[in-house]
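Spelled out from the first residue to the last, the chains are:
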Amino acid sequence: MSSDWQPRIVGFACRWCTYAGADLAGTSRLEYPATVRLVRVPCSGRVNPSFVLRAFQRGADGVLVAGCHPGDCHYTSGNLFTRRRFSLVKRFLEYLGLEPERLRVEWISAAEGQRFAQVIREMTDDLCRLGPNRKMREEP
Amino acid sequence: MPRIGVVVCWCGHNIAGTVDVTQVTAAAAAMPGVVYAEDYKYVCSEPGQDLIRRAIADKRLDAVVVAACSPSMHEATFRQAAAAAGLNPYRVEIANVREQCSWVHRDREEATVKAVALVQAMVAKARREEPLEALRLPVTRRALVIGGGIAGMQAAMDIADAGYQVLLVEREPNLGGRMAQLSETFPTLDCASCILTPRTAEVARHPRIELLTYSEVREVAGYVGDFRVRIARKPAYVDWDRCIGCMLCQEKCPRKVPSPFERDMGFKKAIGVNFPQAVPNRPVIDREHCTYFEKGKCQVCVRVCPVEAVDFEQRETVREEAVGAIVVATGFDVLAPAEFGEYGYGRYPDVIDSLAFERLNSSSGPTGGVIRRPSDGRVPREVVFIQCVGSRDPDRGRGYCSKICCMYTAKHAMLYRHKVPDGQAYVFYMDVRAGGKGYEEFVQRTVEQAGALYLRGRVARVYPEGDRMLVRGVDTLSGQTVEVAADLVVLATAAVPRGDARELAQLLKVGTDAHGFYNEAHPKLRPVETMTRGIFLAGAVQAPRDISETVAQASGAASKVLALFSQEELVADPLVAVVDETRCAGCFLCRPVCPYQAISTRVAGNREVATVNPGLCQGCGACAVACRSGAMALKGFTDEQILAEVEALCLRTGSPG
Amino acid sequence: MEYRYFPGCTLHEQARNFDITARESARELDIALVELDNWQCCGAVFPLATDALINLVSPYRALASAHAAGFDLVTLCSGCLNVLRRTNRLVATDREAREKLRDFVEMDYAGERRVYHLLEVLRREVTFETLRSRVKRRLTGLHVAPYYGCLLLRPPEEMEFDDVEAPTVMEDFLRALGAEPVDYPFRTECCGAYVALREAKTQAAAQVVRSAAAAGAELVVSSCPACNYNLERVHPTLPVVYFTQLLALALGRDGAFAGQVPDPTPLLRGKSLLPEVS
């Protein structure tokens, strides 16, 4: 592994909470590693597990699925589905042998810019320690 | 392949200071499908927007990607600019290279690489985009208000005063709701009917309010701006158009039955009105207790009626109405205290609930406003009030605070003292919650001036001893068990949803909480709206609340209706779910996950498929994930588009996919 | 109708009349009560500490034995019912407790069986309607105060015996026998049996009996030897009997009242429910 290797994180962010929280991190000028790229979705409940699998297949080293705190969903119940669904997806990925740190499911509200930055820092640290995702990556 | 244009904004130094915009522009130009790439200092400025408009025209662009600030800032700006140049506004995508890139990263090279990736993702998404048309819904400028209590009347008045037609549906024969049963109101001790009666009269004669009392909503179809509602008018067995309200029939009717309005402490006739000031002042025959309906003879009312208005053949009639918005103000019920055997309600006549105590206080009540206990009509010398009967009691299924009981119990203790100066009131309480203007002061007056004895603790048992009731409880402040011999025991029973609240909620497609109270769209920011657009809440249907709050909320709901009616037509985001019927297997796994009940069944050929009502759908996408066959797509966020973004974001080097 | 019968300790000693009359009545009603082999004391108290599993070994063993025999369990004593039913529920719902008890007792049991009180068998299986038709000697004119005490009913979510504040099963039972149940406020109050302070205990029991007497009761009926012991001692004239004694009497037997103080037989003779003796 070369010393300047940086992990790549694909993040799915619900537009009402986490995407706005990431914007707040920007307006507050909170610095965090340039490892994350967000996909804006209407609700974390829109995130099909196949999106996450595809990201890992295409070489993402980590995936973040993030939405409103349970109980605060803009659509009432979307993030409750996310919570249930991804507790299974996580177990499935661990069963496949993927390190659990590679998939994070987080509740980050529009007011939690600090927390968004913190999560990205933590994930980046974890992934730097783990190194590239070789397990699920499909070699071109 | 669609022709895509990319415009990269410098945002002065904000983006260009960290991201090498020229490099991003150059990289964008090389992306497949991109026929135009340019950068500009401030794209949101008028010349910047002009740049977009000209590019659309000159380069015949099918889609535009703007790399700039967050879409929450200028997505609408750029969509309008595109629309002005003839491009479908939903073919504009924003790559967020400011809030989520230049402002949070320091390393120029890393930030530039990331910015390229973000642009690439949006180009990939834009390539897979369809033009979408904003949904335009007509507005029927006429509101339905369900419930003719203080909440419904307030909402109806506000809407009608602003110039729109209102249909006010009330289940009872008369207006007034719960408030009509109250004696005085806290914290001012206004007499309830003194403030209510003028209001009911105003509502009844308002030229733009159509009153449908003794009626119920049976069916609700359609969506915001265009609801179709079926309303059933129950048979009163009196032709109200002929009736002149002389009430001779009530006077002469030989049949007396306990009156639910008086909490069974007083009597009503089998024909008549609930209370003398009822509006409309028209009688109804109580079919279950009418001698004619039971035995086929009597007809005293027919004989005494001067205008031949009694009509035993009357049937239920159903009408269909079109309305643009609905205000639900169906109020609350009080818990039947029979659940609480330890207090002996139902077994001992001198254990009553608070609503019954209101009737005892009311000058139009069964005792003419003199507080007499039901068993022997004696004026009670000692009264025990027990608070939180059913409220704040998770063991019996209701963990919530009913909110109004602390205040009305203080009011009762005070009114009792006013009427029985040598009487003693005891109040067993858990906490006294008196948040509200003038509320705490009122409770203090009850304690200090009316001399009510507040005992902090629960009551374990109420049982008769001699002709009094022994109340055994605990005073947790002194740690002693206490026994009070009382002449009357009043239970402050929990406010609960109406018995059929859930059925109505289903008709309206409005969510309820665990208890059956209706859910607001957002507990803080959208407290009078429901998750179904065009349906609003007022009063205790949502949660227990007092009169002043109810009225404020009703006016809030009315203002939401007015905002809706002020629009020429309703524009809805076209980012809704749509079913590919050829792929839909008809499993309907999508239906339970939809928070808006927007999905219904449709017969396509010889099978059933799902279909989405775009007026109800809010575009959350839960159904698209639940769908096993990939038939459900969320416009603007299709699987294909999101996967294309994912692939673009994962690319390390090389050409974009 | 066959059950395994768990008498509990007192029913072979102090509360022998309870046991005798229950067996007689069951025979009359074609309920086969087969005494559980090798049963031992249920422990009398369901432990409040969640880790005090050792106290549940005995009831677990009784339940597992009934299961091994292939029958549900019937008991008479409120205390035994309380311990057995709550243990059964715990075994059915708490995997950790179940596995520990299984490993300790070395019998497999996972809450498959039900535990019934004889009153429940009468209500569910026999039905009070049938019972009424089987009565040979109607207890007409006998004013009886049904006394539930605490353990039959509480905790309600675990016992599911009857409405905890307004129970009716004893009243329905008494009416089926032709007796007149008396309503009084303390019928579900504790008799004080578990209170270590002597004074508090007698006060609690006295309150129950006084209140029953004031309501016009001539007799108190209960289903718990501990309750009977306490109640009998605080009032010199109001007899306290087990519900099975009245049941046996109504079914034409003599009710077995030997050795009870206060003695209920003069009252019953006075009502011509027992033959005069020389």
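Nothing here was measured: the structure is a model prediction, and the numbers come from that model.

Basis of the calculations
Residues numbered from 1 in each chain as written. Chains lettered and ligands numbered in written order. Predicted model: local features only at pLDDT ≥ 70, side-chain atom pairs only at ≥ 80, totals over all residues. Heavy atoms only, no water. Helix = DSSP H or I, 4+ residues; strand = E, 2+ residues; numbered from the N terminus. Rg over C-alpha atoms; globule rule 2.2 N^0.38 Å. Buried < 20%, exposed > 50% of the residue type's maximum accessible area, 1.4 Å probe, protein only. Contact = heavy atoms within 4.5 Å. Areas by Shrake-Rupley, 256 points an atom, 1.4 Å probe, with all protein chains shown as cover. Lys, Arg positive; Asp, Glu negative; His and termini not counted. Charge placed at Lys NZ, Arg CZ, Asp CG, Glu CD. Phe/Tyr/Trp six-rings, centres within 6.5 Å; stacked < 30°, edge-to-face > 60°. Buried area = accessible area lost by both parts, 1.4 Å probe. Salt bridge = Lys/Arg side-chain N within 4 Å of Asp/Glu carboxyl O. Polar contact = N/O pair within 3.5 Å; in protein donor to acceptor, adjacent residues only side chain to side chain. Nonpolar A, V, L, I, M, F, W, Y, C, P; charged D, E, K, R; others polar. Disulfide = S-S within 2.5 Å. Arc of directions from axis to C-beta. Domains from an automatic or database assignment. Pairing = 2+ DSSP bridges. Right-handed = clockwise from strand over helix to strand, strands pointing away. Core = buried A, V, L, I, M, F, W, Y, C linked by side-chain atoms within 4.5 Å. Axes fitted to C-alpha atoms, helices over the stretch in contact; angles between N-to-C directions.

Some points on the overall build of chain A
Helix and strand content of chain A: four helices and four strands. The order of α-helices and β-strands along chain A, N terminus first, is β-α-β-α-β-α-β-α. Computed over C-alpha atoms, the radius of gyration of chain A comes to 14 Å, within 12% of the 14 Å expected from 2.2 N^0.38 for 140 residues, which places it in the range of a compact globule. Based on the C-alpha atoms only, the size of chain A along its principal axes is roughly 40 × 35 × 20 Å. A total of 140 residues make up chain A; the buried ones form 58% of that total. For chain A, the proportion of contacts with a sequence separation of at least 24, taken over those separated by at least 6, is 81%. Summed over its atoms, the accessible surface of chain A is roughly 5800 Å², and 50% of this surface lies on carbon and sulfur atoms.

Describing the overall build of chain B
For chain B, the helix and strand inventory stands at 19 helices and 34 strands. In terms of C-alpha radius of gyration, chain B reaches 32 Å, well past the compact-globule figure of 26 Å for 657 residues. Relative to its 657 residues, chain B shows a buried fraction of 55%. Within chain B, residue pairs in contact and separated by at least 24 positions form 69% of the contacts whose partners lie at least 6 positions apart. Accessible area of chain B: about 26900 Å², with a carbon and sulfur share of 50%. Where the 78 positive side-chain charges of chain B centre and where its 78 negative ones centre are 2 Å apart.

What to know about the packing of aromatic side chains
Enumeration over the complete set of coordinates arrives at 23 aromatic pairs over all chains. Their ring planes at 80 degrees and their centres at 5.4 Å tell us that Tyr32(A) and Phe116(A) sit as a pair that is edge-to-face. Taken as a pair, Tyr32(A) in the loop between α1 (18-27) and β2 (36-41) and Phe116(A) in helix α4 (residues 113-130) lie far apart in primary sequence, 84 residues in all. Comparing Tyr32(A) with Phe116(A), the two get one shared label, buried. The interplanar angle of 80 degrees and the centroid separation of 6.1 Å between the aromatic rings of Tyr3(C) and Tyr116(C) together place this pair among those described as edge-to-face. With Tyr3(C) in strand β1 (residues 2-6) and Tyr116(C) in strand β4 (residues 115-117), the pair connects residues that are 113 residues apart, well separated along the chain. Exposure remark for Tyr116(C): the relative accessible area of 6% places this residue in the buried category.

Side note on the interface of chain B and chain A
Taken residue by residue, the interface counts 42 residues in chain B and 45 residues in chain A. Taken over both partners, the interface formed by chain B and chain A buries close to 3900 Å², and the fraction arising from carbon and sulfur atoms is 55%. Three residues, Gln100(B), Val625(B) and Arg652(B), lead the burial of chain B against chain A; their summed loss comes to 17% of the area buried on that side. In this structure, the connection of chain B to chain A is made through five salt bridges. Two residues, Arg54(A) and Glu647(B), come together in a salt bridge whose shortest N-O distance is 2.6 Å. Connecting chain B to chain A are 15 residue pairs in polar contact (both at pLDDT 80 or more). Of all the secondary structure elements, the ones that give two or more residues to the side of chain B that touches chain A are α4 (71-84), α5 (98-102), α6 (108-127), α18 (622-626) and α19 (639-650) of chain B. For the side of chain B that touches chain A, the residue count by class is 22 nonpolar, ten polar and ten charged.

Brief notes about the environment of Arg602(B)
Residues and elements named next belong to chain B. Locating Arg-602 in the fold gives a position in strand β32 (residues 599-604). By relative accessible area, Arg-602 is classed as partly exposed at 36%. It is 9.7 Å that separates the C-alpha atoms of Arg-602 and Glu-581, two residues lying 21 residues apart in sequence. Side-chain polar atoms of Arg-602 contact the side chain of Glu-581, separated by 2.8 Å.

Notes on the state of the cysteines
Under the criterion given, the structure shown has two disulfides over all chains. Through a disulfide, Cys17(A) is tied to Cys68(A); the S-S separation comes to 2.5 Å. Disulfide Cys17(A) to Cys68(A): torsion about the S-S bond roughly 100 degrees, handedness right-handed. In this pair, Cys17(A) sits in the loop between β1 (9-14) and α1 while Cys68(A) sits in the loop between β3 (62-67) and α3 (78-96), placing the two residues 51 residues apart along the sequence. Each of the two residues, Cys17(A) as well as Cys68(A), counts as buried. The partner cysteine of Cys191(B) in its disulfide is Cys194(B), sulfur to sulfur 2.2 Å. Because the sign of the S-S torsion sets the handedness, a value of about 95 degrees for the bond joining Cys191(B) and Cys194(B) places this disulfide among the right-handed ones.

Some points on the interface of chain C and chain B
Taken residue by residue, the interface counts nine residues in chain C and eight residues in chain B. Summing both sides of the interface, chain C and chain B together bury roughly 770 Å²; the carbon and sulfur share of this comes to 37%. The largest share of the area that chain C buries against chain B comes from Glu165(C), Pro185(C) and Phe186(C), three residues that together contribute 58% of it. Viewed at the interface, chain B and chain C are joined by four salt bridges. Ionic pairing is found between Arg347(B) and Asp183(C), a salt bridge with its closest N-O pair at 3.0 Å. Counting every contact that joins chain C to chain B gives five residue pairs in polar contact (both at pLDDT 80 or more). Here the residues of the side of chain C that touches chain B are counted per class, giving two nonpolar, two polar and five charged.

Comments concerning unusual backbone geometry
All names here are of chain B. For the bond running from Phe-186 to Pro-187, omega is -5 degrees, close enough to zero to count as cis. With respect to the helices and strands, Pro-187 occurs in the loop between β8 (184-185) and β9 (190-191). Omega for the bond connecting Val-279 with Pro-280 falls within 30 degrees of zero, at -5 degrees, which places this linkage in the cis form. Take Pro-280: it is sitting in the loop between β15 (271-272) and β16 (284-285). Although it is not a glycine, Cys-388 sits at a positive phi angle of roughly 55 degrees.

A short note on helix α2 (residues 49-57) of chain A
Two residues of an α-helix separated by three or four positions point the same way, owing to the 3.6 residues in each turn. Every buried residue of α2(A) is accounted for by Pro49(A), Phe51(A), Val52(A), Ala55(A) and Phe56(A). Across the axial projection of α2(A), the buried residues extend over an arc of 160 degrees, all falling on one side. Looking at the packing, one finds that the buried side of α2(A) touches β1, β3, α3 and β4 (103-107) of chain A together with α18 and α19 of chain B. Immediately beyond the C-terminal end of α2(A), within one or two residues, lies Gly59(A), with a positive phi of roughly 105 degrees.

Topic: the arrangement of the chains
Counting contacts across all two pairs of chains that touch, the top-ranked interface belongs to chains A and B. These two, chain A and chain C, are apart from each other, with no contact and a minimum C-alpha gap of 23 Å.

Here's the deal with the domain arrangement of chain B
Per the domain assignment, the segments of chain B are domain 1 (4-132), domain 2 (142-330 + 532-565), domain 3 (332-496) and domain 4 (573-635). Spacing between the C-alpha centres of domain 1 of chain B and domain 3 of chain B amounts to 68 Å.

A closer look at the pairing of β2(A)
Residue and element names in this part refer to chain A. Burial of β2 is extensive: six of the six residues sit out of reach of the surface. Burial of the side chains of β2 extends over both faces: Val-36, Leu-38 and Arg-40 are buried on one face and Arg-37, Val-39 and Val-41 on the other. With six bridges connecting them, β1 and β2 associate as parallel partners. Within β2, the residue paired with Ala-13 across the bridge is Arg-40. On the question of chirality, the crossover connecting β1 to the parallel β2 by way of α1 is right-handed.

A short note on the nonpolar core
Counting residues in each nonpolar core, the largest one holds 107 residues, and the members touching the most others are Phe12(A) and Met632(B). With 78 residues, the next largest nonpolar core counts Met179(B), Phe275(B), Val334(B) and Tyr439(B) among its residues.

Points about the sheet that holds strand β6 (residues 180-181) of chain C
Across a sheet, paired strands are connected by hydrogen bonds in the backbone, their directions being either parallel or antiparallel. Residue and element names in this part refer to chain C. Pairing in this open sheet of four strands is parallel, and the strands run β6-β5-β7-β8 from one edge to the other. The sheet is open, and its two borders are formed by β6 and β8 (240-242), each paired with just one other strand. Note that strand β5 (residues 143-146) and β6 share two bridges and pair parallel. Considered in β6, the bridge of His-143 is made with Glu-180. Together, β5, β6 and β7 (219-222) form the strand contacts of helix α8 (residues 169-176), whose direction differs from that of β5 by roughly 155 degrees. Packing of helix α10 (residues 225-232) onto the sheet brings it into contact with β7 and β8, and relative to β8 it is tilted by some 165 degrees.

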